[in-house]
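Structural description and commentary
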Amino acid sequence: MGRQRKRVVTGDAGAPPRRDERPPALHRKKKKLDIGKIFINISIGLCIFSLIWFFYALYMHSALAKRVMTLHPSPSVLDVDSSSAKVSPQRFWGSYRPQVYFGMKTRSPRSMVTGMMWMRQFSDTDVNLRHTCEQGDRLQGYGWLMHDGLTFGVQEIKESDFTLTTEFVKRMGGDHGGDWTWRITAKQHSSAPQPPVISLMFYAATDTQGFLEAHVEDKNRLASITGFSEELGNFKITFGKPVTGELSSAKYASYNHLQTVSPGLEKLTDIVKQSLNRRFVYSPPSGEKRHYIAVDTYRHPQRQNQQQPADPRKESDFVVHQVTVQTPFQIEVLFESASFRSRPNQLVGAVMTQELERRKAEFDQKFTKTFGLEEKGLKPSQVRFAKAALSNMLGGMGYFYGQSVVKSVYNEYPLLYPEGALFTAVPSRSFFPRGFLWDEGFHQLLLSKWDAQVTRESISHWIDLMNIEGWIPREQILGDEARSKVPAEFVVQHNENANPPTLFLALQELIEQLSFSPDQEASTLPFLRRLFPRLKTWFGWYNTTQVGLKPNSYRWRGRDKDTNLFLNPKTLTSGLDDYPRASHPSVDERHVDLHCWMALASGVMAQIARLLGEDHQVFQLTHQALTNNSLLHELHWSDTLKAFSDFGNHTENVSLQQEKVYVPPGQPRHQYPVARLVRAVGSEPKLRYVNALGYVSLFPFLLQILEPDSPKLDPILRDMRDPNKLWTPYGLRSLSKADPLYMKRNTKHDAPYWRGAVWININYLAVTALHHYGNTQGPYQEKAAALYEELRTNIINNVYRQYVETGYVWEQYSDNSGRGQGSHPFTGWSALTVLMMAEQY
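Residues numbered from 1 in each chain as written. Predicted model: local features only at pLDDT ≥ 70, side-chain atom pairs only at ≥ 80, totals over all residues. Heavy atoms only, no water.

Once that is clear, we can look at the sheet that holds strand S11 (residues 233-239). In a beta sheet, neighbouring strands pair by backbone hydrogen bonds and run either parallel or antiparallel. The strand order S4-S5-S6-S7-S16-S11-S10-S9 describes an open sheet built from 8 strands, whose pairing is antiparallel. Unpaired on one side and paired on the other, strand S4 (141-147) and strand S9 (211-217) mark the two borders of the sheet. Each adjacent strand pair in this sheet contributes to an overall mean axis angle of 15 degrees, direction not counted. Bridge count for strand S7 (residues 179-188) against strand S16 (residues 329-337) is 7 bridges, and the pairing is antiparallel. Within S16, the position partnered with Thr-181 by the bridge is Leu-334. (Pairing = 2+ DSSP bridges. Helix = DSSP H or I, 4+ residues; strand = E, 2+ residues; numbered from the N terminus. Axes fitted to C-alpha atoms, helices over the stretch in contact; angles between N-to-C directions.)

Let us look at the packing of aromatic side chains. Under the defined criterion, the tally for this structure stands at 51 aromatic pairs. Note on Phe-385 and Tyr-800: the rings are 5.9 Å apart at their centroids and 65 degrees apart in plane angle, and the pair reads as edge-to-face. Within this pair, whereas Phe-385 is found in helix H5 (residues 380-395), its partner Tyr-800 is found in helix H17 (residues 781-806), the two being separated by 415 residues in sequence. Ring centres 6.0 Å apart and planes at 85 degrees place the aromatic pair Tyr-788 and Tyr-841 in the edge-to-face group. Separated by 53 residues along the polypeptide, Tyr-788 in helix H17 and Tyr-841 in the segment after helix H18 (833-838) bring together distant segments of the chain. Each member of the pair, Tyr-788 as well as Tyr-841, carries the same accessibility label: buried. Each member of the aromatic cluster is reached from another via a ring pair, and the members are Trp-93, Phe-102, Trp-144, Phe-168, Trp-180, Trp-182, Phe-202, Phe-235, Phe-239 and Phe-335. Across from the ring centre of Trp-450, 4.3 Å away, lies the NZ or CZ of Lys-366, which sits over that ring. Sitting over the face of the ring of Trp-637, Lys-712 holds its NZ or CZ atom 4.9 Å from the ring centroid. (Phe/Tyr/Trp six-rings, centres within 6.5 Å; stacked < 30°, edge-to-face > 60°. Buried < 20%, exposed > 50% of the residue type's maximum accessible area, 1.4 Å probe, protein only. Lys NZ or Arg CZ within 6 Å of the ring centre and 35° of its normal.)

Attention now moves to the layout of surface pockets. The volume enclosed by the largest pocket comes to roughly 900 Å³. As for the largest pocket, its lining consists of 34 residues, and the residues nearest its centre are Phe-431, Phe-432, Asp-577, Tyr-753 and Glu-811. Grouping the constituent residues of the lining of the largest pocket by class yields 15 nonpolar, 8 polar and 11 charged. (1 Å grid on protein atoms, 1.4 Å probe; cavity = no way out; pocket = protein on both sides within 12 Å on 5 of 7 lines; lining within 4 Å. Points joined across faces, edges and corners; volume = space filled by probe spheres on them. Nonpolar A, V, L, I, M, F, W, Y, C, P; charged D, E, K, R; others polar.)

Turning our eyes to something else, we now look at empty space enclosed by the protein. Vacant regions in the atomic arrangement are exposed by a probe of water-molecule size rolled over the atoms. Under the defined criterion, the tally for this structure stands at 8 cavities of 30 Å³ or more. Taken as a whole, the largest cavity encloses approximately 100 Å³ of empty space. Lining the largest cavity are 14 residues, and of these His-650, Glu-652, Asp-739, Pro-740 and Leu-741 sit closest to its centre. For the lining of the largest cavity, the residue count by class is 7 nonpolar, 5 polar and 2 charged. The calculated volume of the second largest cavity comes to roughly 60 Å³.

Evaluation of the coordinates by the stated rule reveals 42 salt bridges. Asp-79 serves as the salt-bridge partner of Arg-530, at 3.1 Å between the closest nitrogen and oxygen. Of the two residues, Arg-530 is situated in helix H10 (residues 521-545) and Asp-79 in the loop between helix H1 (25-67) and strand S1 (93-94); the sequence distance between them amounts to 451 residues. We classify Asp-79 as partly exposed; its relative accessible area is 43%. Glu-362 is paired through a salt bridge with Arg-358; the nearest N and O atoms lie 3.0 Å apart. With Glu-362 and Arg-358 both in helix H4 (residues 349-371), this residue pair falls 4 residues apart, about one helical turn. (Salt bridge = Lys/Arg side-chain N within 4 Å of Asp/Glu carboxyl O.)

What follows covers the sheet that holds strand S19 (residues 415-416). Reading across the sheet, the 3 strands line up as S19-S18-S23 and stay open at both edges, with mixed pairing between neighbours. Two strands close off the open sheet at either side, each with one partner strand: S19 and strand S23 (492-494). As paired elements, strand S18 (residues 405-407) and S23 share 3 bridges and run parallel to each other. Within S23, the residue paired with Lys-407 across the bridge is His-494.

Within the largest apolar cluster, 194 residues are counted, with the highest numbers of intra-cluster contacts made by Leu-200, Phe-202, Phe-371, Ile-463, Leu-507, Trp-538 and Phe-701. For this core, the element with the highest residue contribution is helix H11 (residues 592-612), accounting for 14 residues. For Leu-200, the contacting residues outside a window of four places in its chain are Met-116, Met-117, Trp-118, Leu-164, Ile-184, His-321, Gln-322, Val-323, Phe-329 and Ile-331. Listed in part, the 18 residues of the second largest apolar core include Met-117, Met-201, Tyr-203 and Leu-265. (Core = buried A, V, L, I, M, F, W, Y, C linked by side-chain atoms within 4.5 Å. Contact = heavy atoms within 4.5 Å.)

Let us look at H11. Residue pairs spaced three or four apart in an α-helix point in one direction, given the helix's 3.6 residues per turn. In this model H11 runs 31 Å from its N-terminal to its C-terminal C-alpha over 21 residues, within 8% of the 30 Å that 1.5 Å per residue would give. With respect to burial, H11 is a largely interior element, 18 of its 21 residues being buried. Backbone geometry just after H11 places Gly-613 at a positive phi near 75 degrees. (Expected span 1.5 Å × (residues − 1).)

Okay, unusual backbone geometry next. One can expect most non-glycine residues to show negative phi and most peptide bonds to be in trans. Here the amide bond leading from Thr-327 into Pro-328 is cis, since omega sits at 0 degrees, within 30 degrees of zero. Within the secondary structure layout, Pro-328 lies in the loop between strand S15 (316-326) and S16. Look at Asp-218: it is not a glycine, yet its phi comes out positive at around 50 degrees. Within the element layout of this structure, Asp-218 appears in the loop between S9 and strand S10 (221-229). Even without glycine at this site, Asp-577 takes up a positive phi of about 30 degrees. Structurally, Asp-577 is set in the loop between H10 and H11. Owing to a relative accessible area of 17%, Asp-577 belongs among the buried residues under this scheme.

Let us look at the packing of H5 against helix H6 (residues 437-450). Packing of H5 against H6 leaves a shortest axis separation of 11 Å and a crossing angle of 100 degrees. Judged by the inter-axis angle, H5 sits roughly perpendicular to H6. Here Leu-390, Met-393 and Leu-394 of H5 lie close against H6, whose contacting residues are His-443, Leu-446, Leu-447 and Trp-450. A per-class count over the contact of H5 with H6 returns 6 nonpolar, 1 polar and no charged. (Parallel < 35°, antiparallel > 145°, perpendicular 65-115°, else oblique.)

This is the structure in structure tokens:
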């Protein structure tokens, strides 16, 4: 062990400090400085961390904000050129403008459009121009009588004193979709005091690309239009002269034309109205001379007032040919493609008649083979009605292109969705001439029977509009024409909002067709394979964004938040708008209809996965859970109502009352707010079943989730047949007559919608379910079978009777009188009457 070294201290050095002595001040200060540095370092670190977190949060917020407008990354179901003239020439041209009474376009993004306007001359009203389908026009009726969705169509438009028949026929040839011809026939009604004089206005308009050139003869008669566009190449449109019959000579007519430019297709009507002038004279050989209204010169409003901001869109060519002639008459318009060099003759006169008659005969044969209504004992007039209902859905198919306006919780302002195309049927040409997600599934149930390719293409277009999250905007408002028909508050689509996934109904139908139509396999299986990756995302989106608090429960998002303004806050996303739900929206809600839609969707997903050899276990397990009748009973059966029900924070003690506005004595009343109708709540809501008996209560039955021996079927069938609840001679009413909200207004200006009226889409599901349970062994088989016959007969008879009396198929029907009401014509899901007539479910 080493020795200790002694410390040597010099004389100058002081004694070593004792332990209890304080260190010099300099040392103390240094120690404090070290602690300060530590605090500074910590503060700097926190600042750096905060900045990193801030920029990360900013980045994440930006990334999340972009997701709403980011398309799904998987390959599109449809190829980019799938709708082109080269790939699909037969479907290239069509009546794809359902919002106008008569018009055609191609299935291309910037298609040239053609159409017809008309007005009666020398009438009591100044200008009665008809163009876009408007309920305010009060026509006696209009709609397609025959339309095969491909090659021809025949439509009748009934005014008070004359009828216009519009016919078209297509002929394939060349590289751009071939030729087509229109024939317009006008006949006065026998009740008309004298033959009316009518002006027809045929037009063509480009859409930001291509050009049109007018060719005039005899000073003012537009004989033809030539033009060019990218998708059509060179073409010519020829306007025939009016005749009284196919072989007769031309009638006297006055001619006018307009050649101008338009900033957008939605402006065409306004441009024509603003160009009208009464300076022209109608001077038939035997008759008085009278001034009539015709297109003259159009002066752009922006050029008259330079202070007005210019429209940023590119102006497009717009040419109008007006012919003014007395009924009766017939006029033909011929479109010819320059690439169709081998045409045998022109598609006019007797040639068109022969081609049209051939197409009509083929349509009749296919209709009989497809639906077999004569075998069901239906009258010829009922068969003609069914043909018109199908034809109106086919003639109401539209091709739209444009951008939706979308918004998520991460966006301060709405954004434009990527441009996209949509080939879809529309619910109503007058009121809803655009695509609706939950309507389309019902539309395709009928169309898939007629032409499965239409269904495959329509579903593909819808699914290709999906974003990266799996969300599809539920209302497709694509293009300026479509947007011009929509109130501003409905334009923006929110990505947390769903719609019933009814496309699974159509997919289920396509799958079932494989069992009895093996020839469909070559088309349907590749379609399903391309569809499947997106379908998985779509199903996953519903299964994550629309779930409830309890396992295997679901809740519609997007209910109205201003609860004091509505008797019962609406649930537009469910498709059943004002159907009574929990009075006070909350996260505790459970919606039985959405539960059943997810049960259907999971079952169809499992079917598709098995067909494709993909893993189906997850879908199958979900389907088994959601169709478990015990679980359904636990989540949604109300012992009080003896029916399935929503669950939520609810009270029935609500009413609309006049708001009290205090006006100080002596003060003028008009300076204070107008008193509104607001909701008064008489008792506090509590978590409970909603107990509103109606369509929502029936969903476990409608979608055939209940087992055939389920004891719940008995009270359901009993409620359906009870006239004091759901039964009417015209179909099942949407809400029980005994419900407190039956036929109650939701606001002062919001009339009851799904609170009693008869709707055909849900009645179709009811008839389908009754047919299923009536043909499946069980204790309620006989009761279901009897109810099926009665309900099916009531629906068919009333829809047909209203069509005969009014000229229209309607959006809904009165539960008291059966009278058609709401928008019309409504040959969306109301046309499912055809399937009930054919007993095809």
